[in-house]
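Commentary on secondary and tertiary structure
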Amino acid sequence: MARRQARPAASGRWLPWLGLALLPLAVSPAAPGGCPSACYCVATPELVQCRYERLEEPPKELPVTVHNLSIAGSNLSVLHRAAFAARPLPDLRLLRLRHDNIQIIEDMALQGLPALRTLDLSHNPLLSVAAGALAGVPLLHTLQLNQALLAAPLEEQLALALRNLSLRRLELAGNALRALPAALLPAGLEELDLRNNSLQRLTAAELRSLEAPGLQGLRLTLGTNPLSCDCALRPFLAWLRTAAARVPDAHSLRCAGPPPLHRATLLHLRPEGLACTAAEGGEPGQLETASYVFFGIVLALIGIVFLMVLYLNRRGIKRWLHNLREACRDQMEGYHYRYEQDADPRRTSAIGTPGL
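One structure accompanies this document, and this report is about it.

Rules used in this analysis
- Residues numbered from 1 in each chain as written.
- Predicted model: local features only at pLDDT ≥ 70, side-chain atom pairs only at ≥ 80, totals over all residues.
- Heavy atoms only, no water.
- Disulfide = S-S within 2.5 Å.
- Helix = DSSP H or I, 4+ residues; strand = E, 2+ residues; numbered from the N terminus.
- Buried < 20%, exposed > 50% of the residue type's maximum accessible area, 1.4 Å probe, protein only.
- Phe/Tyr/Trp six-rings, centres within 6.5 Å; stacked < 30°, edge-to-face > 60°.
- Lys NZ or Arg CZ within 6 Å of the ring centre and 35° of its normal.
- 1 Å grid on protein atoms, 1.4 Å probe; cavity = no way out; pocket = protein on both sides within 12 Å on 5 of 7 lines; lining within 4 Å.
- Points joined across faces, edges and corners; volume = space filled by probe spheres on them.
- Nonpolar A, V, L, I, M, F, W, Y, C, P; charged D, E, K, R; others polar.
- Pairing = 2+ DSSP bridges.
- Core = buried A, V, L, I, M, F, W, Y, C linked by side-chain atoms within 4.5 Å.
- Contact = heavy atoms within 4.5 Å.

A closer look at the state of the cysteines
- With the rule as written, the count across this model stands at two disulfides.
- Between Cys 39 and Cys 50 runs a disulfide, and the two sulfur atoms are separated by 1.8 Å. With the S-S dihedral at roughly 100°, the linkage between Cys 39 and Cys 50 falls on the right-handed side. In this pair, Cys 39 sits in the loop between α2 (15-26) and β1 (40-41) while Cys 50 sits in strand β2 (residues 47-51), placing the two residues 11 residues apart along the sequence.
- Assessed through its relative accessible area of 10%, Cys 39 is described here as buried.
- Cys 50 sits in the buried class, given a relative accessible area of 0%.
- The disulfide that involves Cys 229 links it to Cys 255, with 1.8 Å between the sulfurs.

Below is the structure:
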């Protein structure tokens, strides 16, 4: 009996190994080329992920039907010309190349990806981007460059690379930007992510660039920027109060300084309430002074009206004061009479000897 019970337990130890052996069969068979050995296909060959395999170039044996390709944690370093053209991927729509140490992107690096819509190059120390780096992806509408522009100033290079594209969304979060990258805003851009940068304000010139033809519907996200709520912020604050619909996170924007306004909600401030020095905007507190003068004039007018009312009713007021004085006098005489009665010694002795 003991031997019969031991057999199922022994066979149970082989079940995990049997599952691993059958795992490749659970994945749908890949299209020609199969799933690369350094990657794995999730459920279907349409989604391929290659993570932390230290690849030095994109895998060449990719399923032709792949729609989404993610390569993360590798050491691609340089995206050479036609890096993905060894086996064209006509259906690839999303390409994520995060944390891949990409530093250089050569001309026509994305050749062979004609259907690509979204390209994610975030968290790469980009040093050089060729003018024709994105020439092979004419349908690209979303470009993500979060924390990718910290190693070198690439605004001019990227402007050339984007000139023939019809981008709809551009992400530049976490790049320590101190100014609006106006050169990277192609006509037709609908969304611009500038969160977590070093923006203290948007200047009047930058605000005018947002009203250029093709950018009047552009939406900005500006959260987690160290906005300085001083005189120089007045143009941006005035624009924000009239165009809050274009800044989805407008109600969460807060001041980083000066200390009196630290953490103050931006939309709760008034442009004229931001103090200016003579060097910044003419006379300090010019608008505030005008407001106080107007308030003082209103108070003076109220005082004059009050005095006029008193003057016109002087007889009635005099009569009222006379009556009040007479009433007070009668009251005091009553108190004085009761005091004299209480102080009379005959009344006191009579109260003390009731039997006489």
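As for the packing of aromatic side chains
- Taken as a whole and assessed by the stated rule, the structure comprises one aromatic pair.
- For the ring pair Phe 236 and Trp 239, a centre distance of 6.1 Å and an interplane angle of 25° mean the geometry is stacked. Remark: Trp 239 and Phe 236 occur in helix α5 (residues 234-242); sequence separation between them is three residues, near one turn of the helix. Taken as a pair, Phe 236 and Trp 239 share a single burial class, namely buried.
- Sitting over the face of the ring of Tyr 311, Arg 314 holds its NZ or CZ atom 4.5 Å from the ring centroid.

Regarding the layout of surface pockets
- Considered as a void within the structure, the largest pocket measures approximately 160 Å³ in volume.
- Lining the largest pocket, in full, are Leu 149, Ala 152, Pro 153, Leu 154, Glu 155, Leu 158, Asn 175, Leu 177, Arg 178, Ala 179, Pro 181 and Leu 184.
- Residues that form the lining of the largest pocket fall into these classes: nine nonpolar, one polar and two charged.

Remarks on the sheet that holds strand β11 (residues 191-193)
- One open sheet holds the nine strands; their spatial order is β1-β2-β3-β5-β7-β9-β10-β11-β12, and the pairing between them is mixed. Since the sheet does not close on itself, it has two edges, and those belong to β1 and β12 (219-221), each with one partner.
- Here strand β9 (residues 142-144) pairs with strand β10 (residues 169-171) via three bridges, running parallel. Looking at the pairing, Leu 143 lines up with Leu 170 of β10.

Here we look at the side chain of Ser 74
- Of note, Ser 74 is situated in the loop between β3 (68-72) and β4 (78-79).
- When its relative accessible area of 2% is taken as the criterion, Ser 74 is described as buried.

A closer look at the nonpolar core
- By size, the foremost hydrophobic cluster in this structure holds 77 residues, and its most contacted members are Leu 95, Leu 192 and Leu 266.
- Sorting the residues of this core by element identifies β2, β3, α3 (155-161) and α5 as the ones contributing at least two each.
- The element best represented in this core is α5, accounting for four residues.
- Beyond its immediate chain neighbours, meaning those up to four positions away, Leu 266 contacts Leu 227, Cys 229, Leu 233, Phe 236, Leu 237, Leu 240, Leu 253, Arg 254 and Cys 255.

Some points on the sheet that holds strand β8 (residues 128-129)
- Pairing is parallel across the open sheet formed by three strands, whose spatial order is β4-β6-β8. For this open sheet the edge positions go to β4 and β8, each flanked by a neighbour on one side alone.
- Where β4 and strand β6 (residues 104-105) come together, two bridges link them in parallel fashion. If you follow Val 78 over to β6, its bridge partner there is Ile 104.

Some thoughts on unusual backbone geometry
- The linkage connecting Gly 257 with the following residue, Pro 258, adopts the cis geometry, with an omega of -5°.
- Looking at the secondary structure, you find Pro 258 in the loop between β14 (255-257) and α6 (278-281).
- Positive phi, normally seen in glycine, also occurs at Met 108, with a value near 55°.
- Mapped onto the fold, Met 108 is located in the loop between β6 and β7 (118-120).
- The backbone of His 123 shows a phi angle near 60°, a positive value even though the residue is not glycine.
- Classification of His 123 as partly exposed rests on a relative accessible area of 25%.

A look at the environment of Gln 144
- With respect to the secondary-structure elements, Gln 144 resides in strand β9.
- Here the alpha-carbon distance between Gln 144 and Leu 97, two residues 47 residues apart in the chain, equals 10.0 Å.
- If we skip the residues at most four places from it in the chain, Gln 144 touches Arg 96, Thr 118, Leu 119, Asp 120, Leu 121, Ser 122 and Glu 171.

Some points on the pairing of β3
- For β3, the tally of buried residues reaches four of five residues, placing the bulk of the element in the interior.
- Sheet analysis places β3 next to strand β5 (residues 94-96), joined by three bridges and oriented parallel. Bridge pairing in β5 links Leu 69 to Leu 95.

Here we look at the environment of Asn 197
- Inspection of the secondary structure puts Asn 197 in the loop between β11 and α4 (204-209).
- Here Asn 197 falls in the buried class, since its relative accessible area comes to 6%.
- Along the backbone, Asn 197 and Leu 172 are 25 residues apart, and their C-alpha atoms lie at a distance of 8.5 Å.
- Those residues in contact with Asn 197 that lie beyond four places of it in its chain are Leu 172, Ala 173, Gly 174, Asn 175, Ala 176, Leu 177, Thr 224, Asn 225 and Pro 226.

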